[in-house]
Amino acid sequence: MYETDISKMNFKQLREEVQQLRDELSRFKRIYEDSIENLDDSNLSAHLIKEKENMKTEISVSADGVKSLVVKTDEMSEQYSTLSQTADEIKSEVSKVTSDVSDFKSGITQRAESIEASVEQVNKDIGDFETVITQTSTDITSIVRATYSNPTEVEIFDKSDSGNDKSNVYFDTSRNLYWHYNGSEWESSSNGNFGTVFEQTVDGFKLKGNVKVSGDLVSGGVIEGVTVSSTPNNNKDCVRLNGQNSKIEVVYGGTVVGVLSFCDSPGIGCSLYPSGGGILAISDVTALGSWDFSRCTVTGLGSGGGVAVFG
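A short tour of the structure in this document, coming up. All figures in this text were calculated on a predicted structure; none of them were measured in a lab.

Some remarks on the sheet that holds strand β11 (residues 169–172)
As summarised here, the arrangement of the four strands in space is β10-β11-β12-β13, forming an open sheet in which the pairing is mixed. Unpaired on one side and paired on the other, β10 (152–154) and β13 (186–189) mark the two borders of the sheet. Recorded for the sheet is a direction-independent mean angle of 30° between the axes of neighbouring strands. With four bridges joining them, β11 and strand β12 (residues 177–181) adopt antiparallel strand pairing. Paired with tyrosine 170 across the bridge in β12 is tryptophan 179.

Here it is as structure tokens:
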């Protein structure tokens, strides 16, 4: 191309200048058309990253799915969240890692068959704590569990000792057992893992763990196969309703010594007797009402026996 001012060019110079411009325009059109026709995902980046000071965002796209990451860091902690999507599931996670306290992490996984949500706390000095809720088309299950890492070691753990710290976890070195107070009593485990499970299905509810009910309990059905007990004292004495054998039992020193139960004999509603036979001793008792001893053989009332007469 000429460097001369167009206003000072002669006709020949102008014609040559126009021809060069037309040639360059044709080459540019061919390059542009080739670029558009051959444009596909191989010409584009599969990753997009943006960074600024202590922040970072990353997005990646592939044939398998889409993933994103957002990170924030400072002197005390690092926080990040991730989101991934494939044809099978969508998964999200949020995490916070600290330098001097507990680390936290929560996540949600959604599939066509189920949804699962979890929250986890990790404390290096105490242990790992987690809750998990899983929902399917047939049931809902929630789990709360704790794994203790640094229990207080004792040679022999006495759960009846009132001096035990209920907020602490003990390890019995003589029996290799972990002891944890669950809110109602001391509970042992061989691996330091404790937890409860609640499961709901179309047929009903299932519980694993101690249950506390505050308020009125209204039941429209029948509770079967369970034992309801009063709180035992230090000597393991208590009274309990044994639903498995339909008996009210008096427990002394951990052993059943008295029983009130239904009787299958005609005309007899229930019976009260000492467990295993023996003598039932009753003192300072006033008898009221009508007592029928016609079906009893009475012994010990004088040298010749006889029939007991009341009134």
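Details of the layout of surface pockets
The computed volume of the largest pocket comes to approximately 1600 Å³. For the lining of the largest pocket, the residue count by class is 16 nonpolar, 17 polar and seven charged.

Details of unusual backbone geometry
The backbone phi angle of glutamate 53 is positive, close to 50°, even though this residue is not glycine. Although it is not a glycine, asparagine 176 sits at a positive phi angle of roughly 55°. For asparagine 176, the position within the fold is in the loop between β11 and β12. Since its relative accessible area comes to 47%, asparagine 176 is described here as partly exposed.

Here we look at a nonpolar patch on the surface
Among the surface-exposed residues, Ile223, Val226, Val228, Val239, Leu241, Ile248, Val250, Tyr252, Val257, Leu260 and Leu272 lie close enough to one another that they form a single nonpolar patch of about 980 Å² accessible area. Looking at the element boundaries, valine 228 is found in strand β16 (residues 227–229).

Quick look at the sheet that holds strand β18 (residues 247–252)
Strand order in this open sheet of five strands is β16-β17-β18-β19-β20, and the pairing throughout is antiparallel. Lying at the two open borders of the sheet, with one neighbouring strand each, are β16 and β20 (270–274). Between one strand axis and the next, the sheet turns by 20° as a mean value, whatever way the strands run.

Brief notes about the side chain of asparagine 123
On the secondary structure map, asparagine 123 appears in strand β7 (residues 114–123). A distance of 3.1 Å separates a polar atom in the side chain of asparagine 123 from a polar atom in the side chain of serine 102. What asparagine 123 contacts, discounting residues up to four positions off in sequence, is Ser102 and Ser149.

Examining the environment of glutamate 53
Along the chain, the position of glutamate 53 falls in the loop between β1 (47–52) and β2 (55–61). Sequence spacing of glutamate 53 and threonine 73 is 20 residues, and the spatial spacing of their C-alpha atoms is 9.3 Å.

With respect to the pairing of β18
With five bridges connecting them, strand β17 (residues 238–242) and β18 associate as antiparallel partners. By the bridge assignment, cysteine 238 is partnered in β18 with valine 251. Between β17 and β18, which pair antiparallel one after the other, the connecting turn spans four residues, and serine 246 there sits at a positive phi close to 55°. Alignment of β18 against strand β19 (residues 255–262), held across six bridges, turns out to be antiparallel. Across the sheet, the residue bridging to valine 251 is valine 256, located in β19. With antiparallel pairing between neighbouring strands as the criterion, β18 and β19 make up a hairpin whose turn holds two residues, including glycine 253 at a positive phi of roughly 60°.

As for the nonpolar core
The biggest cluster of nonpolar side chains holds six residues, and these are Ala146, Tyr148, Val169, Phe171, Tyr178 and Phe194. Beyond its immediate sequence surroundings of up to four residues, tyrosine 148 is in contact with Ile126, Gly127, Phe129, Val169, His180, Gly192 and Phe194.

Quick look at the environment of lysine 52
Tracing the backbone shows lysine 52 in strand β1. When its relative accessible area of 61% is taken as the criterion, lysine 52 is described as exposed. Taking the C-alpha atoms as reference points, lysine 52 and lysine 72, separated by 20 residues in sequence, lie 9.9 Å from one another.

Things to note about the packing of aromatic side chains
Counted according to the given criterion, the structure contains nine aromatic pairs. Their ring planes at 65° and their centres at 5.1 Å tell us that phenylalanine 157 and tryptophan 186 sit as a pair that is edge-to-face. Taken as a pair, phenylalanine 157 in the loop between β10 and β11 and tryptophan 186 in strand β13 lie far apart in primary sequence, 29 residues in all. Judged by relative accessible area, phenylalanine 157 falls into the buried class, the value being 5%.

Quick look at the pairing of β12
Among the five residues in β12, four count as buried, and that is most of the element. Linkage of β11 to β12, two consecutive antiparallel strands, is achieved through a turn of four residues, within which asparagine 176 is found at a positive phi near 55°. One ladder, built from four bridges, connects β12 with β13; its direction is antiparallel. Across the sheet, the residue bridging to tyrosine 181 is tryptophan 186, located in β13. Once β12 ends, the chain turns through four residues before running back antiparallel as β13, passing glycine 183 with a positive phi of about 105°.

Observations regarding the side chain of serine 77
By the secondary structure assignment, serine 77 is in strand β4 (residues 77–86). Residues within four places of serine 77 in sequence aside, it is in contact with Lys72, Lys96, Val97 and Thr98.

Rules behind the numbers
Residues numbered from 1 in each chain as written. Predicted model: local features only at pLDDT ≥ 70, side-chain atom pairs only at ≥ 80, totals over all residues. Heavy atoms only, no water. Pairing = 2+ DSSP bridges. Helix = DSSP H or I, 4+ residues; strand = E, 2+ residues; numbered from the N terminus. Axes fitted to C-alpha atoms, helices over the stretch in contact; angles between N-to-C directions. 1 Å grid on protein atoms, 1.4 Å probe; cavity = no way out; pocket = protein on both sides within 12 Å on 5 of 7 lines; lining within 4 Å. Points joined across faces, edges and corners; volume = space filled by probe spheres on them. Nonpolar A, V, L, I, M, F, W, Y, C, P; charged D, E, K, R; others polar. Buried < 20%, exposed > 50% of the residue type's maximum accessible area, 1.4 Å probe, protein only. Patch = residues over 30% accessible without salt bridge, like charges linked within 9 Å, V, L, I, M, F, W, Y side chains within 5 Å. Areas by Shrake-Rupley, 256 points an atom, 1.4 Å probe, with all protein chains shown as cover. Salt bridge = Lys/Arg side-chain N within 4 Å of Asp/Glu carboxyl O. Polar contact = N/O pair within 3.5 Å; in protein donor to acceptor, adjacent residues only side chain to side chain. Contact = heavy atoms within 4.5 Å. Core = buried A, V, L, I, M, F, W, Y, C linked by side-chain atoms within 4.5 Å. Phe/Tyr/Trp six-rings, centres within 6.5 Å; stacked < 30°, edge-to-face > 60°.

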